[in-house]
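Below, each chain spelled out in residue letters.
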Amino acid sequence: MTTPDDIAALSFEKALAALEEIVARLEGGRVDLEESIKIYERGELLRKHCEAKLREAEARIEKITLDPKGNPTGRAPLDVE
């Protein structure tokens, strides 16, 4: 089983793939209760990791600012709300 430290080292793509695998296993209904609880907990850690990675990416994205004629004038932080 992956530890939280190992999860923290995963890229967004690898964490998302692991989370999708967990969802498929749980939806398949062929996992006993104890194992379901364990992989659900791991899935929750993976979900949080993915959300943190997305927030980090959003914070780094900038938008190009334009003048009234549509010419680029600079950059500004992306407003994600």
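In what follows, the structure referred to is the one given above.
The text that follows walks through the structure, step by step, so that each part is easy to find. Note that the structure is a prediction, hence the values are computed from the model and not measured.

Definitions and cut-offs
Residues numbered from 1 in each chain as written. Predicted model: local features only at pLDDT ≥ 70, side-chain atom pairs only at ≥ 80, totals over all residues. Heavy atoms only, no water. Helix = DSSP H or I, 4+ residues; strand = E, 2+ residues; numbered from the N terminus. Rg over C-alpha atoms; globule rule 2.2 N^0.38 Å. Salt bridge = Lys/Arg side-chain N within 4 Å of Asp/Glu carboxyl O. Buried < 20%, exposed > 50% of the residue type's maximum accessible area, 1.4 Å probe, protein only. Axes fitted to C-alpha atoms, helices over the stretch in contact; angles between N-to-C directions. Parallel < 35°, antiparallel > 145°, perpendicular 65-115°, else oblique. Left-handed = near helix turned anticlockwise from the far one by under 90°. Contact = heavy atoms within 4.5 Å. Nonpolar A, V, L, I, M, F, W, Y, C, P; charged D, E, K, R; others polar. Expected span 1.5 Å × (residues − 1). Arc of directions from axis to C-beta.

What to know about the overall build of the chain
Logical step 1: In terms of helices and strands, the chain carries three helices and two strands.
Logical step 2: In the chain, the succession of helices and strands from N to C terminus is α-α-α-β-β.
Logical step 3: Taking 12 Å as the expected radius of gyration for a compact globule of 81 residues, we find that the chain reaches 19 Å, considerably beyond that expectation.
Logical step 4: Oriented by its inertia axes, the alpha-carbon framework of the chain measures out at about 60 × 25 × 20 Å.

Examining the pattern of salt bridges
Logical step 1: Enumeration according to the criterion identifies three salt bridges in this entry.
Logical step 2: Arg 47 serves as the salt-bridge partner of Glu 44, at 2.3 Å between the closest nitrogen and oxygen. Of the two residues, Glu 44 and Arg 47 are both situated in helix α3 (residues 33–60); the distance of three residues between them amounts to about one turn of the helix.
Logical step 3: Residue classification places Arg 47 among the partly exposed positions, given a relative accessible area of 31%.
Logical step 4: Salt-bridge contacts for Glu 51 lead to Arg 47; the nearest nitrogen and oxygen are separated by 2.7 Å. With Glu 51 and Arg 47 both in helix α3 and four residues apart, this pair spans about one turn of that helix.
Logical step 5: When salt bridges that share partners are traced, they join Glu 44, Arg 47 and Glu 51 into one network.

A closer look at the packing of helix α2 (residues 12–28) against α3
Logical step 1: Interhelical geometry of α2 versus α3 gives an angle of 150 degrees and a closest axis separation of 9 Å. Taken together, α2 and α3 sit at an angle that is classed as roughly antiparallel. For α2 against α3, the interelement crossing comes out left-handed. Contact residues: Phe 12, Ala 15, Leu 16, Ala 18, Leu 19, Ile 22, Arg 25 and Leu 26 in α2; Glu 35, Ser 36, Ile 39, Tyr 40, Arg 42, Gly 43, Leu 46, Arg 47, His 49, Cys 50, Lys 53 and Leu 54 in α3.
Logical step 2: A breakdown of the residues in the contact of α2 with α3 according to their chemical character gives 12 nonpolar, three polar and five charged.

Points about α2
Logical step 1: Here α2 is 17 residues long and its end C-alpha atoms lie 24 Å apart, about the 24 Å a rise of 1.5 Å per residue gives.
Logical step 2: Among the residues of α2, those classed as buried are Ala 15, Ala 18, Leu 19 and Ile 22. Angular distribution of buried residues about the axis of α2 spans 100 degrees; they occupy a single face of the element. In this structure, α2 carries Glu 13, Glu 21 and Glu 27 as exposed residues pointing more than 90 degrees from its buried face.
Logical step 3: Note on α2: the residue one or two positions beyond its end, Gly 29, has a positive phi of about 70 degrees.

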